[in-house]
Amino acid sequence: MPSNETTFFIIRGITDDPQFQIIIFCLVLFIYLTTIAGNLTFLSLVCFDHHLHTPMYIFLGNLSVVDMLCSTITQHNVLLSFITKDKSIGYGSCMAQMYMFGSLTGQELLILTAMGYDRYVAICRPLLYYNIMNKRTCVLLNGACWIWGFLQIMPPLGVFYTFTCYSSRVINHFFCDILPLMKLSCNDISLLRIFFFMECLVLIGCTPFFLTFISYIFIIRNIMKIRSTTGKRKAFYTCSSHLTVVLLLYTTLFSQYMSPDLNDSTKLFALFNTAAVPLLNPLIYSLKNKDVKAALRQSLVRLK
Ligand SMILES: *[C@@H]1O[C@H](CO)[C@@H](O)[C@H](O)[C@H]1NC(C)=O
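Remember, predicted model here, so these are calculated numbers, not experimental data.

Student: So, the packing of helix α6 (residues 154-161) against helix α8 (residues 190-225): which residues are in play, and what are the values?
Tutor: At their nearest, the axes of α6 and α8 sit 9 Å apart, and the two run at 160 degrees to each other. Taken together, the axes of α6 and α8 are roughly antiparallel relative to one another. The handedness of the crossing between α6 and α8 comes out as left-handed. Here α6 contributes Pro155, Pro156, Val159 and Phe160 to the contact with α8, which in turn contributes Leu192, Phe195, Phe196 and Glu199.

Student: Before we move on, can you summarise the side chain of Ser215 with the specific residues and values?
Tutor: Relative to the elements of secondary structure, Ser215 occurs in helix α8. Look past the residues within four positions of Ser215 in its chain and what remains in contact with it is Gly116, Tyr117 and Tyr120.

Student: Quick one: what's the story with the packing of aromatic side chains, residue by residue and with numbers?
Tutor: A full pass over the atoms with the stated rule returns 13 aromatic pairs. Ring centres 4.4 Å apart and planes at 20 degrees place the aromatic pair Phe25 and Phe82 in the stacked group. Taken together, the residues span a long stretch of sequence, with Phe25 in helix α1 (residues 18-48) and Phe82 in helix α2 (residues 55-84) at a distance of 57 residues. Here Phe82 falls in the partly exposed class, since its relative accessible area comes to 21%. Ring plane angle 55 degrees and centroid distance 5.3 Å describe the contact between Phe174 and Phe175, whose orientation is recorded as tilted. The class of Phe174 is buried, set by a relative accessible area of 1%. Linked through ring pairs, Phe9, Tyr91 and Tyr166 together constitute an aromatic cluster. A cation over a ring is seen here: Lys85 above Phe82, with NZ or CZ 4.2 Å from the ring centre.

Student: Any chance you could break down the state of the cysteines for me, citing the residues and the numbers?
Tutor: For the structure on display, the rule yields two disulfides. The disulfide partner of Cys165 is Cys186, and the S-S distance across this bridge is 1.6 Å. Between Cys165 and Cys186, the disulfide has an S-S torsion of -85 degrees and is therefore left-handed. In this pair, Cys165 is assigned in the loop between α6 and β3 (170-171) and Cys186 in the loop between α7 (178-184) and α8, connecting sequence segments 21 residues apart. Judged by relative accessible area, which is 30%, Cys165 ranks as partly exposed. Residue class for Cys186 comes out partly exposed when judged on its relative accessible area of 41%. What links to what in the chain: the bonded cysteines, counted in sequence order, pair as 1-3, 2-4. Residue Cys47 stays outside any disulfide, its sulfur separated by 14 Å from that of Cys138, the closest cysteine.

About the cut-offs
- Residue numbers restart at each chain and count upward from 1, following the sequence in its written direction.
- For this predicted model, a pLDDT threshold of at least 70 governs which residues receive local features, and a threshold of 80 or more governs which side-chain atom pairs are given and counted, while totals over whole chains, interfaces and linings are taken from all residues.
- Excluded from the side-chain calculations are hydrogens and water; all other atoms, namely the structure's heavy atoms, are used.
- Only C-alpha atoms enter the line fits that serve as axes; for helices the fit covers just the stretch in contact. Angles between N-to-C directions range over 0 to 180 degrees.
- Runs of H or I in DSSP of at least four residues are treated as helices and runs of E of at least two as strands, each being numbered from the N terminus.
- Each angle receives one of four descriptions, namely roughly parallel if under 35 degrees, roughly antiparallel if over 145, roughly perpendicular if within 65 to 115, and oblique otherwise.
- Left-handed describes a crossing whose near helix is turned anticlockwise from the far helix through less than a right angle; right-handed describes the clockwise counterpart.
- Residues count as neighbours in contact if any of their non-hydrogen atoms are within 4.5 Å of one another.
- Centres within 6.5 Å make a pair out of two Phe, Tyr or Trp rings, where for Trp the six-membered ring is used; the pair is then stacked when the planes are under 30 degrees apart, edge-to-face when over 60, and tilted otherwise.
- A simple rule labels every residue: compare its accessible area, found with a 1.4 Å probe on the protein chains alone, to the largest value its type can have, and call it buried under 20%, exposed over 50%, or partly exposed in between.
- Here, over-ring charges are defined by two tests on the NZ atom of lysine or the CZ atom of arginine: distance to the ring centre within 6 Å, and angle to the ring normal within 35 degrees.
- Any two cysteine sulfur atoms lying within 2.5 Å of each other are counted as a disulfide.

Structure (structure tokens):
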């Protein structure tokens, strides 16, 4: 716990300009509601339509849950502080937010890595697909993603929690994220910074990236071997949605943590970055996959 003074922080939000704040509020509300509605629709399709009870959709169901939690964590401060006009957040809540955001981001990467393996099996071992990706493997992989996601962020945050001194309470961001908080610390954090970047880069970022990359090398090699153009197209089609989401997630994460000092426009950019994957993920999978479209059509017919 920090000494006497820092028992709360102020989350500055994206802007101080009141007029601009209204626009931001409406924008975030729209993004948030669309994200939740899209993911809930997708989840209910995955749960209730037995055509979608395949490993890929089980992973996607888990990804939808992670996405909804992630957008709630990053966006609820903007919405609540606009309504209540109170921008403060307790030390504990702030740390919890930081921990949850770190874990969930890691989980997104892990689930997408597991899905990369799933696509590898689907394309390179199609006949053994249901033997390899059986129920047990799915539960193991999904469970591992959740557990490892919650564990892997602990070491750097554990060190962070021991810091006690902050030069200011005002966090120049729209939620408690580690980089803006690190800037406020007046402890000597140069060692933590190195440790943090190493962990994030090697463990949380590079390992999933590397594994996904290997899956795709095998997938591409296999697609190249297919003679017919229709066969090639069909094989590519089975992994195109996954590839789209993977590219989207890695580019947004990369640009988020590489962006320079925070001002209003880079914070707005960060908002779109954190919102993009949860918002677009169900859309990408629904628009591109015939199964999902068929399931959606069927449930609409049933509602009538
Ligand atoms: C998440 O994964 C587990 C384990 O495979 C599965 O039982 C569960 O149905 C999945 N959740 C969703 C919402 O799809």
